[in-house]
Amino acid sequence: QLVESGGGLVQPGGSLRLSCAASGFPFSRYAMKWYRQAPGKERELVAGITSDGGSTSYVDSVKGRFTISRDNAKNTVYLQMNSLKPEDTAVYYCNAQWVKMATVTTYIYWGQGTQVTVSS
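Remember, predicted model here, so these are calculated numbers, not experimental data.

Draft legend 1. Examining the packing of aromatic side chains more closely. Counted under the stated rule, the structure contains six aromatic pairs. On the numbers, 5.9 Å between centres and 55° between planes, the contact of Tyr30 with Tyr109 is tilted. Placement of the pair is Tyr30 in the loop between β3 (16-22) and β4 (31-37) and Tyr109 in strand β10 (residues 105-110), with a sequence separation of 79 residues. Exposure remark for Tyr30: the relative accessible area of 2% places this residue in the buried category. Ring centres of Tyr35 and Trp110 lie 4.9 Å apart, and the angle between their planes is 55°; on these two criteria the pair is classed as tilted. Here Trp110 lies in strand β10 and Tyr35 lies in strand β4, a separation of 75 residues in the sequence.

See below:
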């Protein structure tokens, strides 16, 4: 299970920190990602982090403004969002994915989403 929190209404230029708490699976094995979906648009991959936190990646539109991190001791992944823009308005979803190589089986979990609205 994945549970997001931290969304809300913020003015342009403001900041928010999203959290995603995991339970019921071995969190430290899983790569974690944040996606977002704006009204009328397809779901978009925003940021990702490897299982050990050693590598991160971002969509170009958020580079330099968003930071993904994780705390495996707390089974939680974060998305720090700074310098927010109206175009960042979307529902943000947490995703966990692990490929069990022995059986080539992919395990995927999704959170329920948290709304982020950037508006003056």
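Draft legend 2. View of the pattern of salt bridges. Throughout the structure, instances matching the rule amount to four salt bridges. A salt bridge links Glu44 to Arg36, with the shortest nitrogen-to-oxygen separation between them at 2.8 Å. Its relative accessible area of 7% is what places Arg36 among the buried residues. The partner of Arg65 in a salt bridge is Asp88, and the shortest N-O contact between them spans 2.7 Å. A residue pair is termed long-range when its members are at least 10 positions apart, and Arg65 in the loop between β6 (56-58) and β7 (66-71) and Asp88 in the loop between β8 (76-81) and β9 (90-100) qualify at 23 residues.

Draft legend 3. Expanded view of the nonpolar core. Counting 29 residues, the largest nonpolar core has Met32, Trp34, Val77, Leu79, Met81 and Tyr92 as the members making the most contacts within it. Elements represented by at least two residues in this core include exactly β3, β4, β5 (44-49), β7, β8, β9 and β11 (114-118). Tallying contributions element by element places β9 first for this core, with five residues. The residues contacting Met81, other than those within four sequence positions of it, are Gly14, Ser15, Leu16, Leu18, Arg65, Phe66, Tyr92 and Val116.

Quick notes on the rules
Residues numbered from 1 in each chain as written. Predicted model: local features only at pLDDT ≥ 70, side-chain atom pairs only at ≥ 80, totals over all residues. Heavy atoms only, no water. Phe/Tyr/Trp six-rings, centres within 6.5 Å; stacked < 30°, edge-to-face > 60°. Helix = DSSP H or I, 4+ residues; strand = E, 2+ residues; numbered from the N terminus. Buried < 20%, exposed > 50% of the residue type's maximum accessible area, 1.4 Å probe, protein only. Salt bridge = Lys/Arg side-chain N within 4 Å of Asp/Glu carboxyl O. Core = buried A, V, L, I, M, F, W, Y, C linked by side-chain atoms within 4.5 Å. Contact = heavy atoms within 4.5 Å.

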